Amino acid sequence: MDKLITMAVEAMSHAYAPYSGFHVGAALLCADGSVYTGCNIENASYGGTNCAERTAFFKAVSEGHRQFTALALCGGMGGQIRDFCPPCGICRQVMREFCNDDFPIHLLGPEGQVRTLTLGQLLPGSFNADSLG
């Protein structure tokens, strides 16, 4: 988990956040042991912005990965971690497309502490492929 956290912090340094100033980094561990990182990439139209978590997931999926083991996530204004940074609703839904309720999400706190939550805790009663019948 330490390596995953370190990679998320490094990814945060690549964030493009000229509008909000809020930098986020993510590191996604695939079932085969490979790791894909992502940062948030803002856009002047705001709707074109992509979160760090989705960047990591989309990079991995575009390379053929569909099985994931864990995600590490950190963020803060100006790239300074001042609190835990949970994923937004859209990112939670993207995770739900590929991950089960027990998928762990490791959030990095301001003093290096880690809070681990599962996707099921963050997105209870979620809509998924089974919902389509």
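Residues numbered from 1 in each chain as written. Predicted model: local features only at pLDDT ≥ 70, side-chain atom pairs only at ≥ 80, totals over all residues. Heavy atoms only, no water.

**Things to note about the overall build of the protein**
We apply this condition: Runs of E in the DSSP output that reach at least two residues are strands. Runs of H or I that reach at least four are helices, and both are numbered from the N terminus. Think of it in three bands: residues with accessible area under 20% of the maximum for their type are buried, residues over 50% are exposed, and the middle band is partly exposed, with areas taken using a 1.4 Å probe on protein chains only. Between two residues, a contact is recorded if the distance between any of their heavy atoms is within 4.5 Å. Only the protein chains shown count as cover for residues, with accessible areas throughout obtained via the Shrake-Rupley method and a probe of 1.4 Å.
The number of helices and strands found in the protein is four helices and five strands. Mapped in sequence order, the helices and strands of the protein form the string α-β-β-α-β-α-β-β-α. C-alpha atoms of the protein, sized along the principal axes, occupy 45 × 35 × 30 Å. With 133 residues in all, the protein has 44% of them scored as buried. Of the contacts made within the protein by residues no fewer than 6 positions apart, 59% connect residues no fewer than 24 positions apart. For the protein, the accessible area works out to roughly 6900 Å², and carbon and sulfur atoms hold 53% of it.

**Examining the side chain of His106**
Put simply, the test is: Counting of polar contacts relies on pairs of N or O atoms within 3.5 Å, with two restrictions inside protein: one atom must be capable of donating a hydrogen and the other of accepting it, and residues adjacent in sequence are counted only when both atoms are side-chain atoms.
Among the structural elements, His106 can be located in strand β4 (residues 104-108). His106 sits in the buried class, given a relative accessible area of 11%. At a separation of 2.7 Å, a polar atom in the side chain of His106 contacts the side chain of Thr116. Residues contacting His106, with those up to four places away along its chain left out, are Met1, Leu4, Ile5, Ala70, Leu71, Ala72, Leu73, Val114, Arg115 and Thr116.

**Here's the deal with the pattern of salt bridges**
Two side chains that carry opposite charge are able to pair once their charged atoms sit near each other. Basically, it comes down to this: For this document, the term salt bridge refers to a Lys or Arg side-chain nitrogen within 4 Å of an Asp or Glu carboxyl oxygen.
Taken as a whole and assessed by the stated rule, the structure comprises one salt bridge. Two residues, Asp101 and Arg96, come together in a salt bridge whose shortest N-O distance is 4.0 Å. Overall, the relative accessible area of 15% leaves Arg96 in the buried class.

**Notes on the layout of surface pockets**
Applicable threshold: Every definition here rests on a 1 Å grid over the protein atoms only: cavities are sets of points where a 1.4 Å probe fits but cannot get out, pockets are open sets enclosed by protein on both sides within 12 Å along at least five of seven lines, and lining residues have some atom within 4 Å of a point. Grid points are joined across faces, edges and corners, and a volume is the space filled by probe spheres set on the points. Nonpolar residues are Ala, Val, Leu, Ile, Met, Phe, Trp, Tyr, Cys and Pro. Charged residues are Asp, Glu, Lys and Arg, and all others, Gly as well, are polar.
Estimates place the volume of the largest pocket at around 180 Å³. Lining the largest pocket we find 13 residues, and of these Phe22, Val24, Asn40, Cys51 and Glu53 sit closest to its centre. For the lining of the largest pocket, the secondary-structure elements that each account for two or more residues are β1 (22-30) and α2 (52-62). Among the residues making up the lining of the largest pocket, the classes are represented as eight nonpolar, three polar and two charged.

**Quick word on helix α1 (residues 2-12)**
Which entries qualify depends on this criterion: The arc in question is the one spanned by the directions pointing from the helix axis to the C-beta atoms.
Within α1 the residues assigned to the buried category are Leu4, Ile5, Ala8, Ala11 and Met12. Projected down its long axis, α1 carries its buried residues within an arc of 120 degrees, all on one side. Set apart from the buried face of α1 by more than 90 degrees, the exposed residues are Asp2, Lys3 and Thr6. Where the residues of α1 are buried, they touch β1, β2 (35-39), β3 (68-77), β4 and β5 (114-118).

**As for the environment of Cys30**
Structurally, Cys30 is set in strand β1. The class of Cys30 is buried, set by a relative accessible area of 2%. Cys30 sits 39 residues away from Thr69 along the chain, and the two C-alpha atoms are 5.5 Å apart. Once residues within four sequence positions are removed from consideration, Cys30 is found in contact with Tyr36, Ala60, His65, Gln67, Phe68 and Thr69.

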